[in-house]
Amino acid sequence: ISALLHDKEGNLWVGTDKGGLTLLSNSKFLTYTSIDGLPGDIVYPIHESSDGSIWIGTRKGLSRFKDNHFEKFTRFNTANELTSNQIRSIDSASDGSLWIGAYTSGVLHYKDDHFQNYNVTHGLPDNKTRTLLVDSQDRVWVGTDKGLALFDGEKFEAYRPDICPAVSILHIIE
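Residues numbered from 1 in each chain as written. Predicted model: local features only at pLDDT ≥ 70, side-chain atom pairs only at ≥ 80, totals over all residues. Heavy atoms only, no water.

S.K.: Would you explain the pattern of salt bridges in this entry?
M.R.: Working definition: two side chains of opposite charge can pair if their charged atoms are close together. Tallied over the entire structure, the rule returns six salt bridges. A salt bridge links Lys155 to Asp152; the shortest N-O distance between them is 2.9 Å. A relative accessible area of 45% places Lys155 in the partly exposed class. (Salt bridge = Lys/Arg side-chain N within 4 Å of Asp/Glu carboxyl O. Buried < 20%, exposed > 50% of the residue type's maximum accessible area, 1.4 Å probe, protein only.)

Written as structure tokens, this is what we have:
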């Protein structure tokens, strides 16, 4: 098991390593794989957005499950800048937009059906994003293979090594 989500309707979503996504709903198990529309069968994060969509990050792209249908976003089929297929983390901001951690290309902000990419040129300490968190004050924190960064509204500010050593940040909690 690589990820768990208990959604607003009481369903349990289980992400697996190579087995896709399993949904426990009304005492019945349903399993979804790449055959059913997931970009890949190695599932990393599962996230429910404010509109009730279930977002699934995989090793081969991002998927939104809504109205019993998968919408697939991959680097190769998305015209609006999905820059990496390895999606490691997803969280929502108060405005309903999504922040998405992409392992090889930094962070993506998904708002109004558009992806905005942030990477080392925008202040991240590294493009290998491991985790992210939108905190209760709507601040975006990002953990990378080379340290921690905080979004100031325009760019990221990396924390100095004397405050936070340049190590892989795997989890952020509030």
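S.K.: I would appreciate a short explanation of the nonpolar core in the present structure.
M.R.: What tends to happen in soluble globular proteins is that the nonpolar side chains get buried as a cluster. Judged by nonpolar contacts, the single largest core of 13 residues is most densely connected at Trp13, Leu21, Ile46 and Ile56. Elements with a contribution of two residues or more to this core: strand E1 (3-6), strand E3 (21-25), strand E5 (43-48) and strand E6 (54-58). Ignoring anything within four residues of it in the chain, the contact list for Leu21 reads Trp13, Val14, Gly15, Leu30, Thr31, Tyr32, Leu38, Val43, Ile46, Ile56 and Phe70. (Core = buried A, V, L, I, M, F, W, Y, C linked by side-chain atoms within 4.5 Å. Helix = DSSP H or I, 4+ residues; strand = E, 2+ residues; numbered from the N terminus. Contact = heavy atoms within 4.5 Å.)

S.K.: For this particular structure, what's the right way to read the sheet that holds E1?
M.R.: As a general point, the strands of a sheet are linked pairwise by backbone hydrogen bonds and lie either parallel or antiparallel. Overall, antiparallel pairing links the four strands, which are arranged E1-E2-E3-E4 in an open sheet. Both edges of this open sheet fall to E1 and strand E4 (28-32), since each of them pairs with a single strand only. Neighbour-to-neighbour, the strand axes of this sheet turn through a mean angle of 15°, independent of strand direction. Inspection of the sheet shows strand E2 (residues 12-15) paired to E3 by four bridges, in the antiparallel sense. By the bridge assignment, Val14 is partnered in E3 with Thr22. (Pairing = 2+ DSSP bridges. Axes fitted to C-alpha atoms, helices over the stretch in contact; angles between N-to-C directions.)

S.K.: I would appreciate a short explanation of the environment of Ile46 in the present structure.
M.R.: Within the element layout of this structure, Ile46 appears in strand E5. With sequence-adjacent residues up to four places away left out, Ile46 is seen in contact with Ala3, Leu4, Leu5, Trp13, Val14, Gly15, Leu21, Ile54 and Trp55.

S.K.: I keep staring at the packing of aromatic side chains and nothing clicks. Help me out?
M.R.: For any pair of aromatic rings, the description rests on two quantities: the centre-to-centre distance and the angle between the ring planes. Summed over the entire model, instances satisfying the criterion amount to 16 aromatic pairs. Their ring planes at 45° and their centres at 4.6 Å tell us that Tyr110 and Phe115 sit as a pair that is tilted. Exposure remark for Phe115: the relative accessible area of 1% places this residue in the buried category. Chaining the aromatic ring pairs together yields one cluster made of Trp13, Tyr32, Phe65 and Phe70. Sitting over the face of the ring of Tyr44, Arg88 holds its NZ or CZ atom 4.5 Å from the ring centroid. Sitting over the face of the ring of Tyr103, Arg88 holds its NZ or CZ atom 4.3 Å from the ring centroid. (Phe/Tyr/Trp six-rings, centres within 6.5 Å; stacked < 30°, edge-to-face > 60°. Lys NZ or Arg CZ within 6 Å of the ring centre and 35° of its normal.)

S.K.: Even after reading the chapter, I still don't get the sheet that holds E5, so can you show me in this structure?
M.R.: Read from one edge to the other, the open sheet built from four strands follows the order E5-E6-E7-E8, with strand pairing classed as antiparallel. Two strands close off the open sheet at either side, each with one partner strand: E5 and strand E8 (69-73). Within the sheet, the average angular offset between the axes of one strand and its neighbour, ignoring direction, is 20°. Pairing of E5 with E6, which is carried by four bridges, proceeds in the antiparallel orientation. From the neighbouring strand, His47 faces E6, where its bridge partner is Trp55.

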